[in-house]
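Survey of secondary and tertiary structure
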Amino acid sequence: MTTTTVRDAVMRLLRDTGMTTVFGNPGSTELRMFRDWPDDFTYVLGLQESVAVGMAAGHALGTRSAAFVSLHSAGGVGHALGAVFNAFRDRVPLVIVAGQQARSLIQLRPFLGADEPAVFPRPYVKSARQPERAEDVPAALAEAYRIAMTHPRGPVFVSVPEDDWDRPAEPVAPRTVHSAFTADPDALAALAGRLADCARPALVVGPGVDDEDALEPVRALAERIRAGVWISPLSGRSGFPESHPLFQGFLPPVARQLAARLAPYDVVVALGAPVFTYHVADEGPPLAPGTELFHLDCDPGQAAWLPTGTSLVTTLRPALARLTGLLKEPDRDPPPPRPAPVPARARGHITPELFFDLLRARLPHDRVLVEEAPSHRDTLHARVPVQLSGGFLTTGSGALGWGLPLAVGRALADRRRVVCVVGDGSALYSVQALWSAARHTAPVTYVLLDNGGYAAVRALGCRIGITSIPGTDITGIDFAALAESFGCPAARAEHAGELPAALDHALGRGDDAGPFLLHLRVTGSAGTLYGPWAG
Ligand SMILES: O=C(O)C(=O)c1ccccc1
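Residues numbered from 1 in each chain as written. Predicted model: local features only at pLDDT ≥ 70, side-chain atom pairs only at ≥ 80, totals over all residues. Heavy atoms only, no water.

1. Overview of the overall build of the protein
Check the secondary structure of the protein and you find 18 helices and 18 strands. The C-alpha radius of gyration of the protein comes to 24 Å, within 12% of the 24 Å expected for a compact globule of 535 residues. When contacts within the protein are restricted to residue pairs at least 6 apart in sequence, long-range pairs at least 24 apart make up 77% of them. Accessible surface, the protein: about 21,300 Å² in total, of which carbon and sulfur atoms supply 54%. Averaging the coordinates of the 48 positive side-chain charges in the protein and doing the same for the 55 negative ones gives two points 2 Å apart. (Helix = DSSP H or I, 4+ residues; strand = E, 2+ residues; numbered from the N terminus. Rg over C-alpha atoms; globule rule 2.2 N^0.38 Å. Contact = heavy atoms within 4.5 Å. Areas by Shrake-Rupley, 256 points an atom, 1.4 Å probe, with all protein chains shown as cover. Lys, Arg positive; Asp, Glu negative; His and termini not counted. Charge placed at Lys NZ, Arg CZ, Asp CG, Glu CD.)

2. Here's the deal with the nonpolar core
A general tendency of soluble globular proteins is for nonpolar side chains to be buried together. Within the largest apolar cluster, 55 residues are counted, with the highest numbers of intra-cluster contacts made by Leu94, Leu434, Tyr446 and Leu517. Element by element, the count of residues in this core is highest for helix H2 (residues 49–63), at seven residues. Residue contributions to this core reach at least three from each of two domains, namely domain 1 (6–164) and domain 3 (352–521). Other than its neighbours up to four places away in sequence, tyrosine 446 contacts Leu404, Ala407, Val408, Cys420, Leu434, Phe516, Leu517 and Leu518. Judged by nonpolar contacts, the second largest core, of 32 residues, contains Ala192, Phe240, Leu296 and Leu316. (Core = buried A, V, L, I, M, F, W, Y, C linked by side-chain atoms within 4.5 Å. Buried < 20%, exposed > 50% of the residue type's maximum accessible area, 1.4 Å probe, protein only. Domains from an automatic or database assignment.)

3. With respect to the pairing of strand E10 (residues 267–271)
Here E10 lies mainly inside the structure; five of its five residues are buried. Here E10 shows a buried face lined by Val267, Val269 and Leu271 and a second buried face lined by Val268 and Ala270. Note that strand E7 (residues 201–205) and E10 share five bridges and pair parallel. Looking across to E10, one finds that alanine 202 is bridged to valine 268. (Pairing = 2+ DSSP bridges.)

4. Details of the environment of leucine 406
Along the chain, the position of leucine 406 falls in helix H13 (residues 403–414). Owing to a relative accessible area of 0%, leucine 406 belongs among the buried residues under this scheme. Residues leucine 406 and glycine 54 lie 352 residues apart in sequence; the distance between their C-alpha atoms is 4.8 Å.

5. A short note on unusual backbone geometry
Here the bond from arginine 122 into proline 123 is cis, since omega is 10°, no more than 30 degrees from zero. Checked against the element boundaries, proline 123 lands in the loop between strand E4 (94–100) and strand E5 (128–129). Cis geometry is found at the peptide bond from histidine 151 to proline 152, where omega equals -10°. Within the secondary structure, proline 152 sits in the loop between helix H4 (137–149) and strand E6 (155–161). In this structure, aspartate 36 takes a positive phi of about 50° despite not being glycine. Note on placement: aspartate 36 falls in the loop between strand E1 (21–24) and strand E2 (42–45). Its identity as a non-glycine residue notwithstanding, serine 73 has a phi of 55°, on the positive side. Structurally, serine 73 can be placed in helix H3 (residues 73–89).

6. Here we look at the UniProt feature "domain: Thiamine pyrophosphate enzyme central" (unreviewed entry) in the protein
Under the local residue numbering, the UniProt record ascribes the feature "domain: Thiamine pyrophosphate enzyme central" (unreviewed entry) to residues 189–322. Taken end to end, residues 189–322 comprises 34% helix and 21% strand; its first and last C-alpha atoms sit 9 Å apart. (UniProt positions renumbered as here; feature names shortened; annotations may be inferred.)

7. Let's talk about the side chain of threonine 315
Turning to its location among the elements, threonine 315 is positioned in the loop between strand E12 (310–313) and helix H10 (316–326). In this structure the side chain of threonine 315 is engaged in a polar contact, spanning 2.7 Å, whose partner is the backbone oxygen of phenylalanine 181. (Polar contact = N/O pair within 3.5 Å; in protein donor to acceptor, adjacent residues only side chain to side chain.)

8. Observations concerning the sheet that holds E2
Hydrogen bonds along the backbone pair up the strands of a sheet, which may run parallel or antiparallel. Strand order across the open sheet formed by six strands is E2-E1-E3-E4-E6-E5, with parallel pairing between neighbours. Each end of this open sheet is capped by a strand with a single partner; those strands are E2 and E5. Relative to E6, E5 runs parallel, the two being bridged by two bridges. In the sheet register, arginine 129 faces E6, and the bridge partner there is valine 158.

9. As for the site of the ligand
Taken together, His279, Pro374, Gly398, Leu400 and Leu460 make up the full set of residues near the ligand. In this structure, an oxygen atom belonging to the ligand sits 2.7 Å away from a side-chain N or O atom of histidine 279. Burial of the ligand by the protein amounts to 66% of the accessible area it has alone, namely 290 Å². Taken together, the residues of the shell around the ligand break down into three nonpolar, two polar and no charged. (Near = heavy atom within 4 Å. Nonpolar A, V, L, I, M, F, W, Y, C, P; charged D, E, K, R; others polar.)

10. Quick word on the packing of aromatic side chains
Applying the stated criterion across every chain yields a total of 11 aromatic pairs. Ring geometry for phenylalanine 355 and phenylalanine 356: centres 4.9 Å apart, planes at 55°, overall tilted. One exposure class covers both phenylalanine 355 and phenylalanine 356, and it is buried. A connected cluster of aromatic rings, assembled from ring pairs, spans Phe34, Trp37, Phe41 and Tyr43. (Phe/Tyr/Trp six-rings, centres within 6.5 Å; stacked < 30°, edge-to-face > 60°.)

Spelled out as C-alpha cells, the structure:
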C-alpha cells in the first residue's frame, strides 16, 4: 500500500535534482502542489508568467542546472510563451509544470482548462506531455529534468491536472545521465589536417561554448593555431575573452556582411555556433568562395539545416581536447588585434558611447552583464569587452522582455551583483520583475537607456527607406518613480557631467543591497542598425 503522494514524490525529486527554488505564478489549478509547502523551498513569484520564466532562465544559466517553473493553466502558458521561445532557442534547461483543471472536469471544457495542453507550447519545448495517470507524474517530471539537461539543453513541459497532487505515487529513484559525446575520431583527424595545412584559420564562437563551459578549451585551440576569433551573430552568451589579442569582433546578422568578414580566412571552425543567424534579409552566398566551414555542435538538427560546410555532431569539450592534442604550433602570424574604439565626448547630453566608456572603466572583470537594449548592442560590444564565459547574457532569439527578469534570476543564482543594461522599450515588457528583485533583495543594478521608443525598429526602418513608423514612440514614463513604486530605489541623470557620480553610486552597491535602477536619458544613438541596405 503506497503512503506517499504525487506531491511528496515530486518534492523529493526536486530536492534530488537541486530544483528547490520554484519560479512561478500561482492559481487554483496549482493549489494542491502547495499543501504543506516545505521550509527548504523558495518560491519566487513573478507577477506575470513570462517574468517567472525569464527569472528561472537566469537562475538556470547561473547555476548551470535546470530551474523549475510553475505556470498557471492555459492562460499562464500563453503569457509565458515568448520567454519559452527564448529559452528553447537559447538552450536554457527548464522544467515547466503547468496546472491543468481536474481530470473529472476536462470533458466539460471547464473555466481555466487547457485543450490539448501538450500541443500548446510546441514547437518551443524539447518535449511536452500530460501523463496518462496521476501516479506517473513524478516519473514524467524526472524524465523532463533529464531531457532538459541533455545536450542540446532546453525547456521541457509537463501538464499536471490539479487533483493529481494528492493522489498516491511511488517516489522515483535518482539517476545519472552522462550526455557528453565525441565526434568520429577520423572526422576530427581530417579537420586537424585541414587546420594544420591552412593559411588563415578563424574560429566562430557561439552560445554553445558557454552552454558547455568550454571557453578554456576554445582559447587553447585558438592560441595553438593562432586563429582569429569571432562571436556568432546575435549570440545570447559570451564564450571568449574579448580583450584577447586574437579576438576580432562580432559577426553581423546580415548575409553579405557576414561573408565579407569571414572572406579573409580559408578555414573557419564554428564552435557551438549556428553561424548564419540573420536578422534581415539580404542576397548572396553564405560564405565567400575561398572560405571552407567546419561546424562542431551537439545538435543534429542544426547540423542538418546549416546551408554549407562540414558538420561534426559532438559536444565541444571532448572534441576540442582531442583536436587541440592533434595540432602543433604552426608557422603563421596571428591576425592583428581589433582596433580600440575612439573615446567618447564627455560633454552635453549623455550618449550611449559615453555611458559604455564609463561603464567599462567601472565594471569588475568578473561582473555579469545582462543586456536588452537592441539599438545599443553594437556600441556595447565595441566598448565593453567581456572576459567571462556567460559574463554577457542577452536574448539570442529576439523575444523582448527577457533581460530584466533574466538579471533577477542570474543574481539570485549566486547572490553576486549583476549589471543589466536595458532599453526603455524592452523594460516595459516585463517591468514588474523589479518587484520580484526588490522582494528577494536581488543584487542587480539596472541602467535604463531611454531613447524614447523602439529605436531598433526605427533604425531598421530607416535602413530600408521607411522613416515614419507608427507605434514606435514611447514618452511620458517616469522610470525612476515606476521602479520606486515596485520597491526598487532609483535615480536619474540627463547630462554627461552627472554621469560618473551617478554610475559610481549605482554600481558601487554591495551584493546584499538589493536592486537599484538608474534612468538615463540618452541621445544620438543607433543611426542605421547594420549599415545601409545594399539590396
Ligand atoms: O526586429 C525586431 O522587430 C525586433 O523585435 C528586435 C528584437 C531584438 C533586437 C532587435 C530588434
